[in-house]
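Tertiary structure, described
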Amino acid sequence: QVQLVESGGGLVQAGGSLRLSCAVSGSISSIDVMGWYRQTPGNERELVATATTSGDTNYADSVKGRFTISRDNVKKTVLLQMNSLKPEDTAVYYCKVQISTRVLGQRYLYDVWGQGTQVTVSS
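Residues numbered from 1 in each chain as written. Predicted model: local features only at pLDDT ≥ 70, side-chain atom pairs only at ≥ 80, totals over all residues. Heavy atoms only, no water.

A few words now on the overall build of the protein. Each helix and strand counted, the protein has zero helices and eleven strands in total. Secondary structure of the protein in N-to-C order comes out as β-β-β-β-β-β-β-β-β-β-β. Taken over the C-alpha trace, the protein has a radius of gyration of 15 Å; the compact-globule value for 123 residues is 14 Å, and the two agree within 12%. Along the first, second and third principal axes, the C-alpha atoms of the protein reach 55 × 30 × 25 Å. Counting all 123 residues of the protein, 38% fall into the buried class. Residue pairs in contact within the protein that sit at least 24 positions apart in sequence constitute 55% of those at least 6 positions apart. (Helix = DSSP H or I, 4+ residues; strand = E, 2+ residues; numbered from the N terminus. Rg over C-alpha atoms; globule rule 2.2 N^0.38 Å. Buried < 20%, exposed > 50% of the residue type's maximum accessible area, 1.4 Å probe, protein only. Contact = heavy atoms within 4.5 Å.)

Turning our eyes to something else, we now look at the sheet that holds strand β3 (residues 18-25). Taken in spatial order, the four strands of this open sheet run β1-β3-β8-β7, and their pairing is antiparallel. Each edge of the open sheet is held by one strand with a lone partner, namely β1 (3-7) and β7 (67-72). Strand-to-strand twist across the sheet, computed as the mean angle between neighbouring axes with direction ignored, equals 15°. When β1 meets β3, the two strands line up antiparallel, connected through five bridges. Residue pairing in the sheet places L4 in a bridge with V24 of β3. (Pairing = 2+ DSSP bridges. Axes fitted to C-alpha atoms, helices over the stretch in contact; angles between N-to-C directions.)

Bringing a nonpolar patch on the surface into the picture now. A cluster of nonpolar side chains, V103, L104 and Y108, forms an exposed patch at the surface whose accessible area comes to about 360 Å². Within the fold, V103 resides in strand β9 (residues 91-103). (Patch = residues over 30% accessible without salt bridge, like charges linked within 9 Å, V, L, I, M, F, W, Y side chains within 5 Å. Areas by Shrake-Rupley, 256 points an atom, 1.4 Å probe, with all protein chains shown as cover. Salt bridge = Lys/Arg side-chain N within 4 Å of Asp/Glu carboxyl O.)

Taken as a whole and assessed by the stated rule, the structure comprises one disulfide. Residue C22 pairs covalently with C95 via a disulfide, S to S 2.2 Å. One quick way to see it: the torsion about the S-S bond of C22 and C95 is about -85°, and its sign makes the bridge left-handed. Placement of C22 in strand β3 and of C95 in strand β9 is noted, with a sequence separation of 73 residues between them. Among the residues examined, C22 registers a relative accessible area of 0% and is labelled buried. (Disulfide = S-S within 2.5 Å.)

To continue, consider the pattern of salt bridges. Tallying each qualifying case throughout the model produces six salt bridges. One network of salt bridges, with partners in common, ties together R38, E46, R66 and D89.

W36, L80, M82, Y93 and V97 are the most contacted members of the largest nonpolar core, which totals 31 residues. Breaking this core down by element, the ones donating at least two residues are β3, β4 (30-39), β5 (46-51), β7, β8 (77-82), β9 and β11 (117-122). Examining the composition of this core, we find that five residues originate from one element, β9, more than from any other. (Core = buried A, V, L, I, M, F, W, Y, C linked by side-chain atoms within 4.5 Å.)

What follows is the structure in structure tokens.
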């Protein structure tokens, strides 16, 4: 089945940078939207950034100008470059991909989530 492998999380000082990587493995028909979400204790998981197959991107207002999402459709990876990190960026970051399959003329869409990687930004 489809699995996501995340890497790149860690501890960084405010103003520093980190790059998160998410690699897709397994047999799939196609990958549609790929994105990153984050969650802190007691809060809902929130969207950070998404990227379509054509390269269109969408960012949360809180990360615009600091984070950049990119994807490689051949390598089946999605990256999140995080610059000028702030303590409020501290969270568990999750990769999510939307998988499209077609069986007997019926299209099926489903989401696959990574296990999450901790990002901690110190003051």
